[in-house]
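Each chain is listed here by its residues.
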Amino acid sequence: DFLYHSEYLGYMPPGFEINTNLGIEDIGHIPLNLLIMLGWPPVIDTSCGLQLLSVDCAPIKPSQIGMSILLTSPAYLLAVPLVMMHWRQRIVAGSAIAIVCVAFVNLMHFSQGWVQFGYRFSNDFAPFALVLVTLAIAWLSRRRWTYVLSGILVLISVLVNAWGVYWGVTLGW
């Protein structure tokens, strides 16, 4: 309650302000938080050239608001075909239901934090998502091209997160 009434909420860009007329946990917060979780982009500055890791002027930096988990952890995409094809298996259904339930409660929170890389509350459902990613890699590894695709998505996830750690340390997050 203290944070709800005192947290600085001016970090959101115009048009994306947090509605303080809603409660601390309210279904009305879901649209904005879902956008942050699935679609929030990094900050892009086309005037900076190719100085990728320059503190003063980098062409792409993580947004302090957060970033889409589809960008920061693209390996989660491997779970989609698994859930679609094997949703009747208890471990798949149970993990998917756990992800939806945990994410739903988190998305109702008035604020998704500030100064974060990725989507902070995704840590709450990550254990269940990793079960699905692991099962998907095992299921997809039967075909050579899907095994390579799985490896590429996992590698991209690791590299993007290393990039995020660099910026987190560099920017003092």
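**Student:** Lay out the overall build of the chain with the relevant residues and their values.
**Tutor:** Looking only at helices and strands, one finds 7 helices and 2 strands in the chain. Counted from the first residue to the last, the chain has its helices and strands arranged as α-α-β-β-α-α-α-α-α. Out of the 173 residues belonging to the chain, those deemed buried represent 39%. Here the chain holds 7 positive side-chain charges and 8 negative ones, and the gap between their average locations is 29 Å.

**Student:** Now, about empty space enclosed by the protein: what can you tell me, with residues and values included?
**Tutor:** All told, the structure shown has 1 cavity of 30 Å³ or more when counted by the stated rule. Forming the walls of the largest cavity are 12 residues, and the residues nearest its centre are Y11, M12, I18, I36 and Q112. Within the lining of the largest cavity, the residues separate by chemical class into 7 nonpolar, 5 polar and no charged.

**Student:** Before we move on, could you go through the layout of surface pockets and cite the residues and values that matter?
**Tutor:** Of the volumes computed, that of the largest pocket is approximately 360 Å³. Y76, A79, V80, I99 and L132 are the residues nearest the centre of the largest pocket, which is lined by 16 residues in total. Breaking the lining of the largest pocket down by element, the ones donating at least two residues are α2 (30-39), α3 (69-72), α4 (79-86), α5 (90-107) and α6 (122-140). Considering each element in turn, the lining of the largest pocket owes the most residues, 4 residues, to α6. Grouping the constituent residues of the lining of the largest pocket by class yields 16 nonpolar, no polar and no charged.

**Student:** I'd like a rundown of the nonpolar core, residues and numbers included.
**Tutor:** Counting residues in each nonpolar core, the largest one holds 32 residues, and the members touching the most others are M12, I36, L78, Y119, F125 and L132. When residues of this core are traced back to their parent elements, those giving at least two are α2, α4, α5 and α6. When residues of this core are assigned to their parent elements, the largest contribution, 8 residues, is made by α6.

**Student:** Account for the side chain of S68, naming residues and giving values.
**Tutor:** Positionally, S68 belongs in the loop between β2 (60-61) and α3. Among the polar contacts made by the side chain of S68, one reaches the main-chain carbonyl oxygen of L38 at a distance of 2.7 Å. Discounting residues that sit within four places of it in the chain, S68 has contacts with I36, M37, L38, G39 and W40.

**Student:** Mind laying out the packing of aromatic side chains, listing which residues take part and the relevant values?
**Tutor:** Applying the stated criterion to the full structure yields 4 aromatic pairs. Taking the centre distance of 5.4 Å and the plane angle of 85° together, the rings of F16 and W40 count as edge-to-face. Of this pair, F16 sits in the loop between α1 (2-6) and α2 while W40 is found in the loop between α2 and β1 (43-44), placing the two residues 24 residues apart along the sequence. Between F117 and W163 the ring centres are 6.0 Å apart and the planes differ by 75°, which places this aromatic pair in the edge-to-face class. Of this pair, F117 sits in the loop between α5 and α6 while W163 sits in helix α7 (residues 144-170); the two residues are 46 residues apart in sequence, bridging distant segments of the chain. We classify W163 as buried; its relative accessible area is 18%.

Rules behind the numbers
- Residues numbered from 1 in each chain as written.
- Predicted model: local features only at pLDDT ≥ 70, side-chain atom pairs only at ≥ 80, totals over all residues.
- Heavy atoms only, no water.
- Helix = DSSP H or I, 4+ residues; strand = E, 2+ residues; numbered from the N terminus.
- Buried < 20%, exposed > 50% of the residue type's maximum accessible area, 1.4 Å probe, protein only.
- Lys, Arg positive; Asp, Glu negative; His and termini not counted.
- Charge placed at Lys NZ, Arg CZ, Asp CG, Glu CD.
- 1 Å grid on protein atoms, 1.4 Å probe; cavity = no way out; pocket = protein on both sides within 12 Å on 5 of 7 lines; lining within 4 Å.
- Points joined across faces, edges and corners; volume = space filled by probe spheres on them.
- Nonpolar A, V, L, I, M, F, W, Y, C, P; charged D, E, K, R; others polar.
- Core = buried A, V, L, I, M, F, W, Y, C linked by side-chain atoms within 4.5 Å.
- Polar contact = N/O pair within 3.5 Å; in protein donor to acceptor, adjacent residues only side chain to side chain.
- Contact = heavy atoms within 4.5 Å.
- Phe/Tyr/Trp six-rings, centres within 6.5 Å; stacked < 30°, edge-to-face > 60°.

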